[in-house]
Number of protein chains: 2
Amino acid sequence: MNDQEAAPAGPLAGVLVVDLTRVMAGPYATMILSDLGARVIKVEDPDGGDDSRGFGPIHGHTSTYFASVNRGKQSIALNLKSEADRKILFDLLAGADVLVENFRPGVMDRLGMSTRLLSERFPRLIYASLSGFGQTGPYRDRAAYDIVVQAMGGMMSVTGFPDGPPARIGTSIGDIGAGVFTALGICGALFSRQNSGKGCTIDVGMLDCQIALHENAITRHVATGEIPGPMGSKHPLIAPFQAFQTADAWIVIAAGNDTLFARFVHAIGRPDLSENPLFNGRLMRQRHHQALEIEVEITLAHKTAADWLSLLQEAGIPCGPINTVADLINDPQLRARNMLCSTRNKAGELFTVVGNPMKFSAFADTAERQPVPELDQDRADILAELYSREADQNDQPPASMPRT
Amino acid sequence: MNDQEAAPAGPLAGVLVVDLTRVMAGPYATMILSDLGARVIKVEDPDGGDDSRGFGPIHGHTSTYFASVNRGKQSIALNLKSEADRKILFDLLAGADVLVENFRPGVMDRLGMSTRLLSERFPRLIYASLSGFGQTGPYRDRAAYDIVVQAMGGMMSVTGFPDGPPARIGTSIGDIGAGVFTALGICGALFSRQNSGKGCTIDVGMLDCQIALHENAITRHVATGEIPGPMGSKHPLIAPFQAFQTADAWIVIAAGNDTLFARFVHAIGRPDLSENPLFNGRLMRQRHHQALEIEVEITLAHKTAADWLSLLQEAGIPCGPINTVADLINDPQLRARNMLCSTRNKAGELFTVVGNPMKFSAFADTAERQPVPELDQDRADILAELYSREADQNDQPPASMPRT
C-alpha cells in the first residue's frame, strides 16, 4: 500500500486500528490516531458506507464533512450481519491493537461481538466504545447527538447572552470533545499494555466529556451556590477579558491581572482608569466590569481594530481579532504551524483539512495528508495481506498483519 | 506518601511527571495525567505559588479555581532563578519521565533549561511545552489568554447569534482544548518511548488546538467559499437540530435524519409536516428550517418541557433539557458515571470536582480524588526520596525515584 508506506511516522507508528465508527465523534478519534502514525482500517457498511459520505456540501465526488475526519484511513466494506464478513473482521482483529466503535450500547452484543467474547478471544486488544451516555447508567440506551450533550452537559447554559435564547457552541464540541478523550484513553491503554501485555476496554460517553470540559464552573457552583450563566464574551471572574467594539470591528482584549491592566490603560491613553478606585484590583474590576466596559469602549471608538491591535500588541497586551473561518486560511501563524493541510480524494480533487496540533520533535508533520478513501477502496490489499499467508487453507487467523 | 500509595492505579501508573505549569491549560493537562495514574509533582514559585491559588471564589482556605485542576498533585516550591533550587529540579528530572511547562517561549532558555540542554542531559525525558501560539511562527512571542485564541481561532465567529455581539464559549475551551491535546501528545510519546528508548519534545499551541476543534467548517469553507457564521442553537447542515421553546422552558431536539424526522413529527402529532414538500428530505428541511421551526414551536407551545421530553424519549428522538451547572450536580447519569467526584484540602474542606471521562475496565475509577496540595506541602517527602540515597554526599543525581 504505497500511501501507507509514504505515511509520516508518528508516535503510534506500528499500531493497527480497526475502526467501526461512523459520522463524527468516532471518526474524529481515529483521525487523531492516524495523525499520530497509527494505521487505521475503516470498516464500512457495504450499503453506502459511513452515512456522512452523503452529507453535503459535496466537493467534486466527496463529502467535505466525510473528508474532514476520514483522510488518511483505509476503507473496507463489511456487512457485520454476515457470517463471512464477520469472519474477515475477526481475522483483522487477530492482528489489530485497537478496536473503536460508536454504536448505541447493545449493538455490538447483537452483532455477536460482546465485550466478553472480544476480550476472551483477543486478550491484547484495546477495545474503545464511544457512545452518547456511556455503557452504564440510566441514560445508556438513549440516543444522543452533539447538541443533546451540549445542552445536557451545561455547555449551552454558560454560552450566549443573559435572557437571550440558548446558543450552541458553533463547533460540534459534543462530538469532538468525546473524540479527543477517546483517542487519549487509547494512547494511555497502549502505553499500559506494553507493561501488562493485556488489553482492556475503554468506555467513553459524550455527556461525560462535556462535563470534563468545564473548568472551574462545577467546583465554583458547589462551593458558592452561584449558578453560572451566559455572559456574552465576558469571563466570569476576570475583567477586562472580553470583546470590545472599535471604530470598525470587534476585537478581544484580555488584561488578566493588575500589571496587564496598568499597561493596558496606559497603552490606550486612559491612565485615569487605573487611578479610579472602582477599578482598583481584580475583584473591583470584576465587580464594576460594566462601568469599565463603557469607559474602555468610549476610547476604543476612536480608532480601527487594526490600529488598536498593533498598538496593544506593541504594549504586550493579550488581544486579537475575531477571525472568521475564512480568515484562518491565510493566517501566517497557522500556515507556519502547518495547521492547514491538504489531502485529495481518489479523483485527485483537493481538500484543505485541519492539521495535527501536537508537534513532536521526533516525527514529521507533513502538510500533505494521506488521501480520503473511497468506500471499500483497500479491500483487495487488506484481504491479500490477511490471507496470503493462508494459501495452505489452514483455518488459523494470521498472527498479525503489517502495521504500516 | 500515604495519599500516593492510596492513589487509584491507571494506565500511566509508574509515570513521574514534573509539572512547571500555572493557572489553567497546563494544570488541566497534568490533572488528566494524574487521573490516568501518573504521579505529578507540581513545582511552584515560593512567592505565593501558582497565581490561580489567589483566584476567587475562595472556599475555606483554598481557591475553587485552583482546586478544580490541581487535586491529586504533590507540591514543592522551587525558585527556578536560584542555582540551589534548579539543582533540585534537575535531580527531580533525572528520575522523571515527563516535564510539562506553559511559560512564554524563551523563558525556559533564560532559566538555563533550553530544549537542547534538557534533551542532552535527559535523553529519555518527554518535554512538553504548552504556549499560546507554539514555539515557532510569527506570533510565537505574543501573549495569549483563552479568549484571545477563541477569537483568533474562529470559535467565536461561529458561536452566538447572527448580527449579535460576539459570544465566547462559556467554558475556557482555549485553555482546556490545549490541555487535552498536550496530555494526548504526552501519552503518545510515552508509548513511542517504550520502543525507541528516546524521549522527545512536544510543542502545543493553544491557537492550533482551537483550529483542530473545528470539524468540517474549514474543509467546507475552502470547498464552497461559504463563510460559516453564528447560528444561535442551529446546526449548519441539519434541521431540526436545535433548541425549541415549549410552554415553560427551552429544550433541544435533534431529529438528524429522515427516519428520525418522520418519527418526530408523528410523536408530536404533526404528521402533516412529513407530507409537506417543503420538509421532504434533509436538504429541503435545512433550506426551509425557519418555516420548520415556526411549525414545530406552534405545537411545542402546548406542553411543558418535561412532558415533551418524556414523550420524545419514549419515541426514541434524541432530545434533552438545557441543564444549568446546578442541574449537573444531581443528574443520575453523571452520578452513575462517577463524573462528580470529591476532594479535600489540607484543612479537610470538601470540594466537588469533575471526574475522569475515560472509563477503563482494567483500572479503578474512584469517587474520592486525592487532595488539593498546599503550597510546598510535599517538600520534605520529595527531598527525602531524592537525597536519602545520597547520604555519602556523592554528587550523582539519583538514578530514579519512586513513581507511586
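As the structure is a prediction and not an experimental result, all values here were calculated from the model.

A. Layout of the interface of chain B and chain A. Each side of the interface is counted separately: chain B has 137 residues, and chain A has 137 residues. Note on chain B versus chain A: buried area summed over both sides is about 11,600 Å², and carbon and sulfur give 70% of it. Considering only the side of chain B, the residues that lose the most area to chain A are B:Phe191, B:Glu215 and B:Gln333, jointly responsible for 6% of the buried surface there. B:Asp203 is paired through a salt bridge with A:Arg337; the nearest N and O atoms lie 2.6 Å apart. Inspection of the region where chain B meets chain A yields 40 residue pairs in polar contact (both at pLDDT 80 or more).

B. Structural context of the relation of the copies chain B and chain A. The transformation that overlays chain B on chain A combines an axial shift of 0.0 Å with a rotation of 180°, and the residual RMSD is 0.0 Å. Put plainly, the chains are arranged around a two-fold axis. Looking at the interface residues of chain B, 100% of them are also at the interface in chain A, so both copies use one shared face.

C. Focus on the side chain of A:Arg86. By the element assignment, A:Arg86 lies in helix α4 (residues 83–94). The contact partners of A:Arg86, leaving out residues within four places of it in the chain, are A:Asn79, A:Leu80, A:Lys81, A:Leu111 and A:Met113.

D. Seen up close, the environment of A:Phe261. All names here are of chain A. Following the sequence through the fold, phenylalanine 261 ends up in helix α11 (residues 258–267). Residue class for phenylalanine 261 comes out buried when judged on its relative accessible area of 2%. Each C-alpha atom of the pair phenylalanine 261 and phenylalanine 55 lies 47 Å from the other, and the pair is 206 residues apart in sequence. Setting aside residues no more than four positions away along its own chain, phenylalanine 261 makes contact with Pro240, Ala255, Leu273, Ser274, Phe279, Arg285 and Leu292.

E. Just the nonpolar core, in detail. Among the nonpolar cores identified, the biggest contains 142 residues, and A:Tyr28, A:Phe181, A:Leu184, B:Phe181 and B:Leu184 are the most heavily contacted of them. Leave out the neighbours within four places in its chain, and A:Phe181 touches A:Cys209, A:Ala212, A:Leu213, B:Tyr28, B:Ile32, B:Val180, B:Pro357 and B:Met358.

F. Broad picture of unusual backbone geometry. Along the chain, A:Gly56 connects to A:Pro57 via a cis peptide bond; the corresponding omega equals -10°. Residue position: A:Pro57 is located in the loop between β2 (39–44) and β3 (58–59). In this structure, A:Asp376 is a non-glycine residue whose phi angle is positive, near 70°. As for its position among the elements, A:Asp376 is in the loop between β14 (358–360) and α18 (379–387). Even without being glycine, B:Val23 reaches a positive phi, approximately 70°. If you trace the backbone, B:Val23 turns up in the loop between β1 (16–19) and α2 (25–35).

G. Structural context of the pattern of salt bridges. Residue and element names in this part refer to chain B. Overall, the coordinates contain 42 salt bridges over all chains when judged by the stated rule. Here aspartate 141 and arginine 140 are joined by a salt bridge, their closest N and O atoms 3.2 Å apart. Judged by relative accessible area, which is 27%, arginine 140 ranks as partly exposed. Close ionic contact of aspartate 365 with lysine 359 constitutes a salt bridge, the shortest N to O distance being 2.8 Å.

H. Structural view of the side chain of B:Thr343. Residues and elements named next belong to chain B. When you line up the elements, threonine 343 lands in strand β12 (residues 340–344). Taking relative accessible area as the criterion, threonine 343 reaches 0% and is therefore assigned buried. Every residue in contact with threonine 343, bar those within four places of it in the chain, is listed here: Arg71, Glu349, Leu350, Phe351, Val353, Glu368, Arg369, Gln370, Pro371 and Val372.

I. Geometry of the packing of helix α4 (residues 83–94) of chain B against helix α18 (residues 379–387) of chain B. Residues and elements named next belong to chain B. Contact pair α4 / α18: the axes reach a minimum separation of 11 Å and the direction vectors enclose 65°. Here α4 lies roughly perpendicular to α18, going by the angle between them. At the point where α4 passes α18, the crossing takes the left-handed sense. Touching Asp85, Lys87, Ile88, Asp91 and Leu92 of α4 are Arg379, Ile382, Leu383, Leu386 and Tyr387, all from α18.

J. The arrangement of the sheet that holds strand β10 (residues 250–254) of chain B in detail. All names here are of chain B. Taken in spatial order, the three strands make up an open sheet running β9-β10-β11, and their pairing is antiparallel. Unpaired on one side and paired on the other, β9 (241–245) and β11 (319–321) mark the two borders of the sheet. Adjacent strand axes in the sheet meet at a mean angle of 25° when their direction is disregarded. Pairing of β10 with β11, which is carried by three bridges, proceeds in the antiparallel orientation. Considered in β11, the bridge of isoleucine 251 is made with proline 321.

Conventions used here
- Residues numbered from 1 in each chain as written.
- Chains lettered and ligands numbered in written order.
- Predicted model: local features only at pLDDT ≥ 70, side-chain atom pairs only at ≥ 80, totals over all residues.
- Heavy atoms only, no water.
- Contact = heavy atoms within 4.5 Å.
- Buried area = accessible area lost by both parts, 1.4 Å probe.
- Salt bridge = Lys/Arg side-chain N within 4 Å of Asp/Glu carboxyl O.
- Polar contact = N/O pair within 3.5 Å; in protein donor to acceptor, adjacent residues only side chain to side chain.
- Least-squares fit on C-alpha atoms with pLDDT ≥ 70 in both.
- Helix = DSSP H or I, 4+ residues; strand = E, 2+ residues; numbered from the N terminus.
- Buried < 20%, exposed > 50% of the residue type's maximum accessible area, 1.4 Å probe, protein only.
- Core = buried A, V, L, I, M, F, W, Y, C linked by side-chain atoms within 4.5 Å.
- Axes fitted to C-alpha atoms, helices over the stretch in contact; angles between N-to-C directions.
- Parallel < 35°, antiparallel > 145°, perpendicular 65-115°, else oblique.
- Left-handed = near helix turned anticlockwise from the far one by under 90°.
- Pairing = 2+ DSSP bridges.

Just geometry here; none of it tells us what the structure is for.
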